[in-house]
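Listed below are the residues making up each chain.
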Amino acid sequence: GVSVDEDPINQCYIAYDFAHDYFYLEDDDMAEWPVVFVRYYGAAAMAYYYDLDVPTGAMWEYAARGGDSGMHNVYATSTGKLDSSLANYDNAIGHVTPVCSFPENGYGLCDLAGNV
């Protein structure tokens with residue numbers, strides 16, 4: 001496998017400054033890239049800091065379907081299908097891609113299938 005040190009794209013660039021009490025992006029060049037290597041507790045801490053909630057599994061499922069209440073979407077892509085024109089998966093590209101490199105779903109959300 002590739003270590004984090006060997007693949008700088010697959011790292012988390014969000015950090016917390018305890019002295020000044022805020023989150024910040026360590027590398028501005030990564031602003032359009034997905035956040036990776038964040039555990040639930042890190043996501044919960046950031047959500048709490050901004051007075052938000054981490055979505056439940058049911059909330060994520062609803063958002064991922066993009067308005068398809070008929071449960072036809074098998075994958076969280078714009079069409080509910082999975083192929084390389086709709087999502088970065090199965091190491092097809094070899095690294096993550098910038099956020100929203102693939103079509104949005106019915107709610108305007110993207111990258112809910114693959115990319116990390």
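Rules and cut-offs
- Residues numbered from 1 in each chain as written.
- Predicted model: local features only at pLDDT ≥ 70, side-chain atom pairs only at ≥ 80, totals over all residues.
- Heavy atoms only, no water.
- Salt bridge = Lys/Arg side-chain N within 4 Å of Asp/Glu carboxyl O.
- Helix = DSSP H or I, 4+ residues; strand = E, 2+ residues; numbered from the N terminus.
- Buried < 20%, exposed > 50% of the residue type's maximum accessible area, 1.4 Å probe, protein only.
- Pairing = 2+ DSSP bridges.
- pLDDT = per-residue confidence, 0-100.
- Polar contact = N/O pair within 3.5 Å; in protein donor to acceptor, adjacent residues only side chain to side chain.
- Contact = heavy atoms within 4.5 Å.
- Phe/Tyr/Trp six-rings, centres within 6.5 Å; stacked < 30°, edge-to-face > 60°.

Enquirer: Please set out the pattern of salt bridges residue by residue, giving values where relevant.
Expert: Once the charged atoms of two side chains with opposite charge are near each other, the side chains can pair. Counted under the stated rule, the structure contains 1 salt bridge. Here Glu 61 ties to Arg 65 by a salt bridge, and the two come within 2.8 Å at their closest N and O atoms. Within this pair, Glu 61 and its partner Arg 65 are both found in helix H2 (residues 57-65), separated by 4 residues, close to a single helical turn. A relative accessible area of 36% means that Glu 61 is categorised as partly exposed.

Enquirer: Could you give me a rundown of unusual backbone geometry, with the residues and numbers involved?
Expert: Backbone phi values are negative for most residues with the exception of glycine, while trans is the configuration of most peptide bonds. Despite not being glycine, Asp 51 shows a phi value in the positive range, around 55°. As for its placement among the helices and strands, Asp 51 is situated in the loop between helix H1 (40-49) and H2. For Cys 100, which is not a glycine, the phi torsion comes out positive at approximately 65°.

Enquirer: Could you give an account of the environment of Pro 55, naming the residues involved and the relevant values?
Expert: When you line up the elements, Pro 55 lands in the loop between H1 and H2. With relative accessibility at 47%, the residue Pro 55 sits in the partly exposed group. Taking the C-alpha atoms as reference points, Pro 55 and Ala 44, separated by 11 residues in sequence, lie 9.6 Å from one another.

Enquirer: Give me the pairing of strand E1 (residues 14-17): which residues, what numbers.
Expert: Of the two faces of E1, the one lined by Ala 15 and Asp 17 is fully buried and the one lined by Ile 14 and Tyr 16 carries no buried residue. Bridge analysis of E1 against strand E2 (residues 22-25) gives 4 bridges, and the strand direction is antiparallel. In the strand pairing of E2, Asp 17 is matched with Tyr 22.

Enquirer: Outline the confidence of the model for the chain, supporting the account with residue identities and numerical values.
Expert: Of all residues in the chain, 86% attain a pLDDT of 70 or more, and the chain-wide mean is 81. The least confident element of the chain is E1, whose mean pLDDT is 83; the most confident is H2, at 88.

Enquirer: Explain the side chain of Asn 88 residue by residue, including any values.
Expert: Of note, Asn 88 is situated in the segment after H2. For Asn 88, the side chain forms a polar contact with the main-chain oxygen of His 95, separated by 2.8 Å. Those residues in contact with Asn 88, other than ones at most four positions away along the chain, are Ile 93, His 95, Val 96, Thr 97, Phe 102, Ala 113, Gly 114 and Asn 115.

Enquirer: Explain the packing of aromatic side chains to me, using residue names and the numbers behind them.
Expert: For the structure shown, the criterion picks out 9 aromatic pairs. A ring pair is formed by Phe 23 and Tyr 50, whose centres lie 6.2 Å apart and whose planes are at 35°; its orientation type is tilted. Taken as a pair, Phe 23 in strand E2 and Tyr 50 in the loop between H1 and H2 lie far apart in primary sequence, 27 residues in all. A relative accessible area of 43% means that Tyr 50 is categorised as partly exposed. Among the aromatic residues, ring-to-ring pairing joins Tyr 16, Phe 18, Phe 23, Tyr 49 and Tyr 50 into one connected group.

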